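What follows is the residue order along each chain.
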Amino acid sequence: MTTASLLKRGLGFGLALVVILLIVGQLLGQPILLGYVATGSMEPTMDAGDGFVSVPSAVTGDVEEGDVVVYQARELHGGGLTTHRVVGETEEGYVTKGDANPFTDQDGGEPHVTDGQIVAKAWQVNGEVVTIPHLGTAVMGIQGITTGAYETVAPIIGLTTTASNNGLGAMLVAIGVAMLGFGTVFERLGPTRRETSRRRSRENVIAFWTALGLVLLVFVTFSTAAMVVPSGTTEYGLVSTTSPNDDPQVVAPGETAELTRMIDNAGYMPIVVVHEARSGSINADPASQTIGIRDSGETTVTLSAPDEEGEYTRHLGEYRYLSVLPPSVLVWLHGIHPFAAIAAVNGVIVGITVAIVLVIFGSGDLRVRSAGDHVPLSTRLERRLRKWLRDRE
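Residues numbered from 1 in each chain as written. Predicted model: local features only at pLDDT ≥ 70, side-chain atom pairs only at ≥ 80, totals over all residues. Heavy atoms only, no water.

Enquirer: For the overall build of the protein chain, give the residues involved together with the corresponding values.
Expert: When you go through the protein chain residue by residue, the secondary structure sums to nine helices and 19 strands. Long-range contacts, defined here as pairs at least 24 residues apart, represent 62% of the contacts in the protein chain between residues at least 6 apart. Accessible surface, the protein chain: about 22,700 Å² in total, of which carbon and sulfur atoms supply 59%. (Helix = DSSP H or I, 4+ residues; strand = E, 2+ residues; numbered from the N terminus. Contact = heavy atoms within 4.5 Å. Areas by Shrake-Rupley, 256 points an atom, 1.4 Å probe, with all protein chains shown as cover.)

Following this line, the structure appears as structure tokens:
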């Protein structure tokens, strides 16, 4: 393969990866490596349509004043993702503000931002946000074109005419996936097509470690999804008032509310569940527990009301791990970092899978018969007839 072909393929894959990361991150409400701002509220730090490198909150450490964070707003932008700078901190959470705005988000009615709402930080070098000019503008343009196409095609195939997140998201992801093949297509259409005439029979042999790698990829993907997808942060509302009622989340100032949280395990492996406070004045008891196969458990969530009247929010994080290691070990690894526990679980799964495959199949290469290896029936009959005639002589 020539250098030009490699560059062309790399460009196609890189472009597709950028599109997929931005789209999937938007659908999940969690920027994945890249994000962008749609308005000018962060000017001159970031212009409308600029992209930025997004670092997930799980690996960023503590939030400090001056950090530019991506958080799930409750009032701003209809409750969508907002990228603003942290300009202060109180007992109730962080004070945030767009660099171009004359007032803070909290002055505009947005409650204080808690750790449970923050999903990522913008990568900063020497205090300056690393930006990618016009990246968001390009992605929003693709979204606009796709929305128009969706609303045009939807009535013809019987779908809703309004582009929902799921329908539009599926189309956008499909575009990104299709783009992954551009490099391959361009390369295949080039002069190297003649190389297909020089295929060797060895082509139909799959190397053992290649096949095993694919199996492990599937196993690790599913195990990670089983741990990550059900995990997340739950928001609890709390009202502190001198006129409490029967609602358990409406209490007198300084009092506490107790709620029961159900934990369901619909899978076929036991799980270890760890609860962690993502804001102040919230607690879970027990903080960790093991839930059996297709079983459920309960934990008591305690919410503490401030002495001042008002409406408040509390956030509780839930983390799930497949119970392939002793619960105490998983809880200890979680204390180091959730990624450490996930990596340990996947490591055990990989080790067990490799051992089983080696015992059952050995380590020899796998022979796969292709369509070209098929011998027509007439040929096989002719060979048998010739053998029969030779035996009769």
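Enquirer: Hey, could you go over the sheet that holds strand β17 (residues 296–304) for me, with residue numbers and the actual values?
Expert: On the basis of which strands lie adjacent, the open sheet formed by three strands has the order β13-β17-β15 and antiparallel pairing. Strands at the two margins of the open sheet, each flanked by one partner only, are β13 (256–264) and β15 (282–285). With strand direction ignored, the average angle separating the axes of adjacent strands in the sheet is 25°. Here β13 runs beside β17; their pairing, made up of nine bridges, is antiparallel. Across the sheet, the residue bridging to Leu259 is Val301, located in β17. (Pairing = 2+ DSSP bridges. Axes fitted to C-alpha atoms, helices over the stretch in contact; angles between N-to-C directions.)

Enquirer: So what's going on with the pairing of strand β18 (residues 310–322)? Which residues, and what values?
Expert: The buried count for β18 comes to 11 of 13 residues, which makes it a mostly enclosed element. Where strand β14 (residues 271–277) meets β18, seven bridges bridge the pair, whose relative direction is antiparallel. Residue pairing for β18: Ile271 is matched across the bridge by Leu322. (Buried < 20%, exposed > 50% of the residue type's maximum accessible area, 1.4 Å probe, protein only.)

Enquirer: Break down helix α7 (residues 327–336) for me, citing the residues and quoting the values.
Expert: Every buried residue belonging to α7 is among Leu330, Leu333 and His334, and all of these are buried. Down the axis of α7, the sector holding all buried residues measures 105°, keeping them to one side. Of the exposed residues in α7, those oriented more than 90 degrees away from the buried face are Ser328, Trp332, Gly335 and Ile336. The inward-facing, buried residues of α7 contact β14, β18 and α8 (338–361). (Arc of directions from axis to C-beta.)

Enquirer: So what's going on with the sheet that holds strand β12 (residues 250–251)? Which residues, and what values?
Expert: The strand order β12-β11-β18-β14-β16 describes an open sheet built from five strands, whose pairing is mixed. The open sheet has two free edges, formed respectively by β12 and β16 (288–291), since each of these has just one partner strand. Two strands pair when backbone bridges link them, and β14 and β16 are joined in this way by four bridges, in the antiparallel orientation. When the bridges of β16 are listed, Val273 appears paired with Gln289. Against the sheet, α7 touches β14, β16 and β18, its axis set at about 35° to β14.

Enquirer: Could you give me a rundown of unusual backbone geometry, with the residues and numbers involved?
Expert: Pro44 follows Glu43 through a cis peptide bond whose omega is 0°. Residue Pro286 follows Asp285 across a cis peptide bond; omega there is 0°. Relative to the elements of secondary structure, Pro286 occurs in the loop between β15 and β16. Even without a glycine there, the phi angle at Asn126 is positive, about 55°. Considering the arrangement of structural elements, one finds Asn126 in the loop between β7 (124–125) and β8 (128–129).

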